[in-house]
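# What the coordinates show
Spelled out from the first residue to the last, the chains are:
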Amino acid sequence: MKPEDLLIPRREGLYCPPGDFFIDPVRGVDRALITHGHADHARAGHGHVLATSETLDIMAIRYGADHAGATQAAGLGETIRIGDVTVTFHPAGHVLGSAQIAVERDGMRIVASGDYKPRPDPTCATFEPVACDVFITEATFALPVFRHPDAADEIQRLLRSVSRNPERAHLVGVYSLGKAQRVIRLIRDAGYHRPLYIHGALQKLCDYYESQGIALGDLRPATVDAGAKGDFAGAIVLGPPSAFGDKWARRFPDPLVSFASGWMQVRARARQRGVELPLVISDHADWDELADTIETVAPGEVWVTHGREEALVRWCAMHGIPAKPLHLVGYEDEGD
Amino acid sequence: MNRFADLLDMLAFTPSRNAKLSLLQDYFRTVPDPERGYALAAIARDLDIPAVKPAQLRELIASRMDAELFGYSYDYVGDLAETIALAWPEKADIRPGRNDAPGLAEVVETLQASSRREGPGLVEAWLDRLDPPGRYALLKLVTGGFRMGLSSRLIKQALAAFGKVEVNEIEELWHGLTPPYADLFAWLEGSGPKPVNAGAAPFRPVMLSHAIDARDFEKLDPADFAAEWKWDGIRVQATSERGISRLYTRTGDDISAAFPDLVDAIAFDGALDGELLVARPSGGGIETGSFSDLQQRLNRKTVTARQLRDHPAFFRAYDLLQDGAEDLRAAPFAGRRLRLEAFVSGLNPERFDCSEMLAFDSWDELAARRADPPLAVIEGVMIKRKAAPYLPGRPKGEWFKWKRDPFLIDAVLMYAQRGHGKRSGFYSDYTFGVWREPGELVPVGKAYFGFTDEELVAIDKYVRNNTIERFGPVRSVRAGPDTGLVFEVAFEGIARSSRHKSGVAMRFPRINRLRWDKPPGEADRLETLEHMIDGVE
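My aim in this report is to walk through the structure given alongside it, one point at a time. Residues take numbers from 1 onward in each chain, read along the sequence in its written order. To label them, take the chains in the order written and letter them from A, then take the ligands in the order written and number them from 1. Per-residue local features are limited, in this predicted model, to residues with pLDDT of at least 70; the limit for side-chain atom pairs, both in listing and counting, is 80 or more; totals at the level of whole chains, interfaces and linings are taken over all residues. Where side-chain values are given, they derive from all heavy atoms of the structure, hydrogens and water being excluded.

## Comments concerning the overall build of chain A
Along the backbone of chain A there are eight helices and 19 strands. Both definitions apply: the radius of gyration is a C-alpha atom measure, and the globule rule equals 2.2 Å times residues to the power 0.38. Its C-alpha atoms give chain A a radius of gyration of 20 Å, within 12% of the compact-globule value 20 Å for 336 residues. The C-alpha extent of chain A, read off along each of the three principal axes, is 65 × 45 × 30 Å. Counting across all 336 residues of chain A, residues that qualify as buried make up 59%. Throughout, a residue-residue contact means that at least one pair of heavy atoms, one from each residue, lies within 4.5 Å. Of the contacts made within chain A by residues no fewer than 6 positions apart, 60% connect residues no fewer than 24 positions apart. All accessible areas in this document rest on Shrake-Rupley with a 1.4 Å probe, and a residue is counted as covered only by the protein chains that are shown. Carbon and sulfur atoms make up 48% of the accessible area of chain A, which amounts to about 12,200 Å² in all. One way to put it: in chain A the 35 positive side-chain charges average out to a point 6 Å from where the 45 negative ones average out. Here a strand is any run of E in DSSP of at least two residues, a helix any run of H or I of at least four, and the numbering for each starts at the N terminus. Residue burial is assigned from relative accessible area. The probe radius is 1.4 Å, only protein chains are included, and a residue is buried under 20% of its type maximum, exposed over 50%, and partly exposed in between. Asp and Glu are treated as the negative residues and Lys and Arg as the positive ones, with His and the ends of the chain left uncounted. Charged groups are reduced to one reference atom each: NZ for lysine, CZ for arginine, CG for aspartic acid, CD for glutamic acid.

## Some points on the packing of helix H7 (residues 104–112) of chain B against helix H8 (residues 119–129) of chain B
Residues and elements named next belong to chain B. Only the stretch in contact is used when fitting a helix axis, every axis being a line fitted to C-alpha atoms; angles between N-to-C directions are given from 0 to 180 degrees. With their axes 11 Å apart at the nearest point, H7 and H8 run at an angle of 165 degrees to one another. By the angle class used here, H7 and H8 are roughly antiparallel. You can see that H7 and H8 cross each other, and the crossing is right-handed. From H7, Glu106, Val107, Thr110 and Leu111 reach across to H8, where they touch Gly119, Leu122, Trp126 and Arg129. When grouped by side-chain class, the residues that make up the contact of H7 with H8 number four nonpolar, two polar and two charged. An angle counts as roughly parallel when it lies under 35 degrees, as roughly antiparallel when it exceeds 145, as roughly perpendicular when it falls between 65 and 115, and as oblique in every other case. With the far helix as reference, a near helix turned anticlockwise by less than a right angle produces a left-handed crossing, and one turned clockwise produces a right-handed crossing. Gly counts as polar in this scheme, as do all residues outside two lists: the nonpolar Ala, Val, Leu, Ile, Met, Phe, Trp, Tyr, Cys and Pro, and the charged Asp, Glu, Lys and Arg.

## Things to note about the sheet that holds strand E5 (residues 46–51) of chain A
Residue and element names in this part refer to chain A. Spatially, the six strands line up as an open sheet ordered E1-E2-E3-E4-E5-E6, and their pairing is mixed. At either end of the open sheet lies a strand with only one pairing partner, and these are strand E1 (8–10) and strand E6 (68–73). Neighbour-to-neighbour, the strand axes of the sheet open up by a mean angle of 30 degrees, direction not taken into account. Between any two strands, at least two bridges found by DSSP are needed for them to pair. For strand E4 (residues 31–33) and E5, the ladder comprises three bridges, and the chain directions are parallel. For arginine 31, the partnering residue across the bridge sits in E5 and is histidine 48. In the packing of helix H2 (residues 53–63) onto the sheet, contacts are made with E5 and E6, and the angle to E5 comes to roughly 135 degrees.

## Describing the packing of helix H6 (residues 80–87) of chain B against helix H9 (residues 132–143) of chain B
All names here are of chain B. Where H6 meets H9, the axes come as close as 8 Å, and the angle between the chain directions of the two elements is 145 degrees. Crossing of H6 against H9: the hand is right-handed. Residues Ala81, Glu82, Ile84, Ala85 and Leu86 of H6 form the contact with H9, whose own contacting residues are Pro132, Arg135, Tyr136, Leu139 and Lys140.

## Quick notes on the interface of chain A and chain B
The interface of chain A with chain B comprises 27 residues on the first partner and 29 residues on the second. By definition, a salt bridge exists where a carboxyl oxygen of Asp or Glu is found within 4 Å of a side-chain nitrogen of Lys or Arg. At the surface where chain A touches chain B, the tally comes to four salt bridges. Each polar contact in these results corresponds to two N or O atoms within 3.5 Å; when the atoms are within protein, one needs to be able to donate a hydrogen and the other to accept it, and residues that are neighboring in sequence are counted only if both atoms are side-chain atoms. The tally of links from chain A across to chain B stands at six residue pairs in polar contact (both at pLDDT 80 or more). Within the residue set of the side of chain A that touches chain B, elements represented by two or more residues are helix H6 (267–272) and helix H8 (309–318) of chain A. With six residues, the single largest contributor to the side of chain A that touches chain B is H6 of chain A. Partitioned by chemical class, the residues of the side of chain A that touches chain B number 14 nonpolar, two polar and eleven charged.

## Structural notes on the packing of aromatic side chains
Pairing of aromatic rings covers Phe, Tyr and the six-membered ring of Trp, with a centre-to-centre limit of 6.5 Å; geometry is then stacked below 30 degrees between planes, edge-to-face above 60, and tilted otherwise. Taken as a whole and judged by the stated rule, the model has 32 aromatic pairs over all chains. Taken together, the ring pairs in this structure connect Phe217, Phe225, Phe360, Trp363, Phe400 and Trp402 of chain B into an aromatic cluster. Here arginine 10 of chain A stacks its cationic end above the ring of tyrosine 15 of chain A, 4.0 Å away from the centre of that ring. Here, over-ring charges are defined by two tests on the NZ atom of lysine or the CZ atom of arginine: distance to the ring centre within 6 Å, and angle to the ring normal within 35 degrees. It is arginine 58 of chain B that lies over the ring of tyrosine 74 of chain B; its NZ or CZ is 5.2 Å from the centre.

Note that every value here comes from positions in space, so none of it alone points to a role or purpose.
Now the structure itself:
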């Protein structure tokens, strides 16, 4: 059997003919396996959804309990039979509930990693390499210029800026699932225990992380009732980056805009967004981690998807590993 | 290097001009000599160190990493120094704050004591000792590539504010000072005397004009104004004093080295404001070349004998700022003009002449002359108040430029390239084409400005949604008679060109309007452009 008989790219997403299911389909299908809760991977409107219980909870929070006809929770490491194939879910270390999906038939195993990061993250289970014949890797930061610094050091830069600018409110842009909770947890781990103010868009997911045992400390809504303008002086406010260009941001005194993202590594990206304090904090593998992961997993073949496929394919060629780009469409190039 | 790298980063990310001024002042206040002086020289691009060429940096990085991976990285980041700083393969884990990192003064002084040949080796060793921000600062330093939105004016304003002196005092002293400017800082801090203007032939801040608006004419009496052609060269200042002659751009950059033919012909004591052109004597007059002739001489550090012969530099004088020891800037334009004519009549006529004045009694009469210039290298008329003194900056109501109306065509977007610098990540550079045959578009030009930030976002989205093919950073965009995006393109001139597939080359093309409403099939044909060339010639 060829690997392409087990998983092939289709317009809807990655399709498994012998199991008749899709992985992370970008439109509604009958049977979907979902790696994690980010909106470009987890969409509403499937007939059946199989995912980790956390991912199912997150989808229910985002889309309502009736987002799919039926749902089934996959335990990590649990073998599940679908048609003629077996699937297992393994931690991906990307966000809470994120999983790699291993699909296996007749001794051929393909691992679809979804998005992943190997470095430890206090808000989710750590990435686990899974031996396989074909490793499908993301390539969001697959260029040698992307080497994410230690996230704790980036948080120190934020806290230093806060103490240097006590009259300004620091607005930190974070995506609402994963990045927000990780940044909050890192701020707490750095010994900052004053209240943090959050935009309404982060509330439900922060509550959910708390319910899963991830303590985030004193979080308060960044509403005007929380105080007059001056009361946000010296405060750290977290919100989705899109909110900062909005009227919402006018309530803060002389706001200093920050953004926690792997893209902040590139100066022009930060300047385009009007970011004054770029924080390079990413939930994806950086260049070295992509390379190390491929070497550790040691697959027979690598398929590369969403991002800078050509560079990672080139790296594989230099290291004698067969690789090809998958050209899946519909995944956001830029989310992090 | 770290303190300097921090300054660069903060300057780069701080949007507000006032905040930049205060960052610079803080830096001057807290960093000792000579480091602050070298930093000032670096950002003012006044640091004379053996430059490391971009090609040498490419060689360095090629010896350390795969060329193809570097190429992808550079296409993505869009800045050579930043790409190398980020992608540089570190030998050991370099922690922020590591204390054997070279300092700015060490780097500058070592380079100054070294030969050009030793430069790349030194840079390589330093790169291994620095973290990514430090590497970025080093690379910007050694390539002289500090284009970070800091005008030399802003830097001088920061110095003026730091020392509580007038900015024009700094401006006029500036060219006599040398890094690391210990005497300047001593004066600004009140611990030393004002440096004497040691440099002969200093730059004098230039007077600039406003674009005239149709409504302005009602308020302006033609009798109060003089007019002359606006020449399409580059605005320069030629000064000479105590045997030293210099040619400056309007921003005060010294470009003497690139124009020895002109600088050698400066046989006067004074300062002239004028236009740099390519021109030569011909049949008793002067034959003025086009802007593309002048381009053969621009952006070069040195010049070959052949360029000097084929494209001789020429100075067309607009104004006289200094005549010997006499500063004329406070005199009215009309008076300066008379002095200018007398002054220029004594100069080498193969290199200098006076800009012709245009007589007119009414704005309509001037409009008629503007509409029919004798040469294509004229880009409009300048209108100057006869009573105006020569004021630095862009004073209101004194000088106006009235440019020729641009040419306009409707063209179809064919290719889009990811931008560099501030616009990296956006498809912001557009190749557009016109119809040669029905169904066959031929590319005729490239434009990367003229649109608003909102329009850029919309075009970028259009490009991403209508890509047919990708070649690295370039996307080929769907373009046919019925589908495609039409741009109204404005440009200042058009000429035949053997280097372009279409046979035409535009001058200064930009996107004038987005024609979302226009079917691409109705865009212009190549013939239309060819007729435009016939009209110009």
